[in-house]
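Fold and geometry: a report
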Amino acid sequence: MASNGNGLAKIETQKRKEDKIICHDDSAVPVKAQTEDELHSLQKKKSAPNTPIKDIQSAFGIPTTEVERQKQQLQSISASLASLTRETGPKVVKGDPASRAETPKLVQTSQHKHTAAPNITDSSLKFTHILYNLSPAELYEQAIQNEKGSFITSSGAMATLSGAKTGRSPRDKRVVKDETTANELWWGKGSPNIEMDEQTFLINRERAVDYLCSLEKVFVNDQFLNWDPNNRIKVRIVSARAYHSLFMHNMCIRPTPEELENFGTPDFTIYNAGKFPCNRYTHYMTSSTSIDINLARREMVILGTQYAGEMKKGLFSLMHYLMPKRQILSLHSGCNMGKEGDVALFFGLSGTGKTTLSTDHNRYLIGDDEHCWSDHGVSNIEGGCYAKCIDLSREKEPDIWNAIKFGTVLENVVFEEHTREVDYADKSVTENTRAAYPIEYIPNAKIPCVGPHPKNVAGTEDGIKEPTATFSACFGAAFIMLHPTKYAAMLAEKMQKHGATGWLVNTGWSGGSYGSGSRIKLAYTRKIIDAIHSGELLKANYTKTEVFGLEIPSELEGVPSQILDPVNTWPDKNAYKETLMKLGGLFRKNFEVFANYKIGADNNLTEQILAAGPNF
């Protein structure tokens, strides 16, 4: 360095010949792109099959190429979307139309020759873009870009709205009554199965398919039901919303890449055109909403409701029909397993605690809502959990709280506009706020979701609101397809065969009618459940109640003795007895629906069920 005249050293900026290296150089080879579009194209790697294609051969015995496999897959999807009044299915192509610079070329196949026909329509001239089994990240982008009401919350979960319907519409559910189902299904008083004919179903199917094919893009999920590999069901869900696709991605079982390559033809297909109403002038329609199941065609059509739970419960109804045919009991229950292999089932209506109680950090979670009990043990039907979010807190339900992260769908919740923090106590949209997340988001989930035969069967009852009493056969009358006594007979047989013990746990109101008592604390309920798991409750002393004849433990460590027998928590004993007699009468009246249904040659089981009712 040299002086610059004011006493400061002069900085040399030129490299001298004697310098061998440059002390700092952050230069690099420029990117190989001439335009911004080219630069952006380098950001994303092209997807390619990452598993071998096995056992797929052409008619000539030559292994199928990737191009041929893709063609077969598109043919299958086109066939699913085919109108029944035209010769072929729509022209389908994979990918988001927004990312395509030019019109895709039509691939001709022997099965689908797209030629001019007298009944040609505008939809037959266009391509329907198929967004097939997208990842959660891709579905986030689709929802946020294109669906109003979709936001990323502070936890990373996606908040979305289900539109005008924030719950199921059971009065709008229809099942096709044909020669087979007329004799097999439960119809009439008390049944959730409201009949429709084949022709009306086809009218609604045509309306749904025409709507979906008119869109520029539709979402297609190919997934599985039932973790039991011997009784797995292949389902295809075709929907118009990214929210619905992500919901089902979470709730059904996600295929591996190799399973997806070999998926083939689905066993059952859902057409979710929920943004489009049904035609009120169509026979059997009572509103602009219609949820229709055709067991012969293996199809379900949804019109006029965007509530995602309709898809989940529609598939549950399907399993309630298919599994008993295989001598497998379908159950509306949560399920977990202890470290010693002891399995417990948690029966209950929505909101009574199945998800909360089955999600126990001391036990392995098999599932929170839908299960099968076969000769080999239990298996979860689903690949995810669907938890109620109202008043959710980290302290009371830490596992569910922590599962609400990136990939989770939050339905109809309210959040702070700036921070995007969810207020789980806010019921502004609905009290039925929900979170749908993959089961592996629970740290102690048992994957695969199967277990041995149950040791304990606990029914959860909430009874929060008075004076309305809700009766639901098998804790899932809204979804069962066969007569309730069919499921009751299977449950009784399995419990007797495998030595399972049954428990009734009150997870709801105690100490008086609604408003004068209080809800049982979750901590006490967990203590009771822990005592069931450990076997401690089997050693307790019991007393029998009036009317219902229930055996109640007199004491249990960690639980106030007065809450074990409900009469002790009611300050007005006369009011308790009056309410007890009223409830017994309601039970007796409800049982009249089933009294004339005979099971077996000697009708013995029907008589046992009736004998277990209230005794005045």
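Position numbers for residues start from 1 in each chain and track the written sequence from start to end. Reporting of local features is limited, given that this is a predicted model, to residues whose pLDDT is at least 70; pairs of side-chain atoms are given and counted only at 80 or more, and all residues count toward the totals for whole chains, interfaces and linings. Working from all heavy atoms in the structure, the side-chain values ignore hydrogens and water.

Named according to an unreviewed UniProt entry, the chain is Phosphoenolpyruvate carboxykinase (ATP) 1-like originating from Nicotiana tabacum.

Okay, the nonpolar core next. Among the nonpolar cores identified, the biggest contains 92 residues, and Leu-315, Leu-410 and Tyr-437 are the most heavily contacted of them. Of all the elements, helix H8 (residues 309-325) adds the most residues to this core, at seven residues. Residue contacts are defined here by distance: any two heavy atoms, one from each residue, within 4.5 Å place the two residues in contact. Setting aside anything within four residues of it in sequence, one finds Leu-410 in contact with Thr-153, Ala-157, Met-158, Ala-159, Thr-160, Cys-389, Ile-404, Val-422, Tyr-424, Arg-434 and Ala-435. Core analysis: the next-biggest nonpolar cluster, separate from the first, contains 25 residues, Val-92, Ala-208, Leu-212 and Val-218 among them. As used here, the term nonpolar core means buried Ala, Val, Leu, Ile, Met, Phe, Trp, Tyr and Cys residues forming a set that is joined through side-chain atoms within 4.5 Å. Whether a residue is buried, partly exposed or exposed follows from its accessible area with a 1.4 Å probe, protein chains only, as a fraction of its type maximum: under 20%, in between, or over 50%, in that order. Here a helix means four or more residues in a row that DSSP labels H or I, a strand means two or more in a row labelled E, and each is numbered from the N terminus.

Here, patches come from residues exposed beyond 30% relative accessible area and free of salt bridges, joined within 9 Å for like charges and within 5 Å for nonpolar side chains (Val, Leu, Ile, Met, Phe, Trp, Tyr). Calculation of accessible area relied on Shrake-Rupley with a 1.4 Å probe; when residues are assessed, cover is drawn exclusively from the protein chains displayed. For this analysis, a salt bridge means a side-chain nitrogen from Lys or Arg found within 4 Å of a carboxyl oxygen belonging to Asp or Glu. Taken together, Val-31, Leu-39 and Leu-42 make up a surface patch of nonpolar side chains, about 270 Å² in accessible area. Relative to the helices and strands, Leu-42 resides in the loop between helix H1 (36-41) and helix H2 (66-80). Using a relative accessible area of 52% as the deciding quantity, one classes Leu-42 as exposed.

So, about the pattern of salt bridges. When the charged atoms of two side chains lie near each other, side chains of opposite charge can form a pair. Evaluated as defined, the whole model comprises 21 salt bridges. Residue Lys-577 is joined to Glu-546 by a salt bridge in which the shortest nitrogen-to-oxygen separation is 3.7 Å. Linking Lys-577 in helix H13 (residues 573-591) with Glu-546 in the loop between strand E29 (542-544) and strand E30 (551-553), this pair joins segments that are 31 residues apart in sequence. Put simply, Lys-312, Lys-313, Lys-354, Asp-369, Glu-370 and Glu-382 are held in one network by salt bridges that share partners.

Attention shifts here to the packing of aromatic side chains. Classification of ring pairs uses Phe, Tyr and Trp, with its six-membered ring standing for Trp, and accepts pairs whose centres are within 6.5 Å; under 30 degrees between planes counts as stacked, over 60 as edge-to-face, and the remaining range as tilted. One pass over the full model with this rule turns up nine aromatic pairs. Measuring from centroid to centroid gives 5.6 Å for Trp-570 and Tyr-576, while their planes differ by 70 degrees, and the two rings are edge-to-face. Grouping residues by exposure puts Trp-570 and Tyr-576 together as buried. Criterion for a charge above a ring: Arg CZ or Lys NZ at most 6 Å from the ring centre, at most 35 degrees from the ring normal. Taking NZ or CZ as reference, Lys-313 lies 4.5 Å from the ring centre of Phe-479, over its face. Over the aromatic face of Tyr-441 sits the side chain of Lys-405, whose NZ or CZ is 4.6 Å from the ring centroid.

The pairing criterion for strands is at least two bridges between them, as found by DSSP. Sheet architecture is open: five strands sit in the order E5-E6-E20-E23-E19, paired in mixed fashion. Strands at the two margins of the open sheet, each flanked by one partner only, are strand E5 (151-152) and strand E19 (384-388). In this sheet, strand E23 (residues 434-438) lies alongside strand E20 (residues 409-411) in antiparallel orientation, the contact comprising three bridges. Directly across from Val-409, in E23, lies its bridge partner Ala-436.

Time to look at helix H12 (residues 522-534). Owing to its 3.6 residues per turn, the α-helix brings residues three or four apart onto one side. Working rule for helices: expected span equals 1.5 Å times residues minus one. If you check H12, its first and last C-alpha atoms are 18 Å apart, about what 13 residues at 1.5 Å a residue would give, namely 18 Å. Those residues of H12 that sit buried are Thr-525, Ile-528, Ile-529, Ala-531, Ile-532 and His-533.

A few words on the side chain of Thr-430. Looking at the secondary structure, you find Thr-430 in the loop between strand E22 (422-423) and E23. Here Thr-430 falls in the buried class, since its relative accessible area comes to 11%. The term polar contact refers here to a pair of N or O atoms within 3.5 Å; inside protein, the definition further demands a hydrogen-donor-capable atom paired with an acceptor-capable atom, and it admits residues adjacent in sequence only when both atoms are side-chain atoms. Within polar-contact distance, the side chain of Thr-430 engages the side chain of Thr-166 at 3.3 Å. Beyond its immediate stretch of four places on either side in the chain, Thr-430 contacts Thr-166 and Asn-412.

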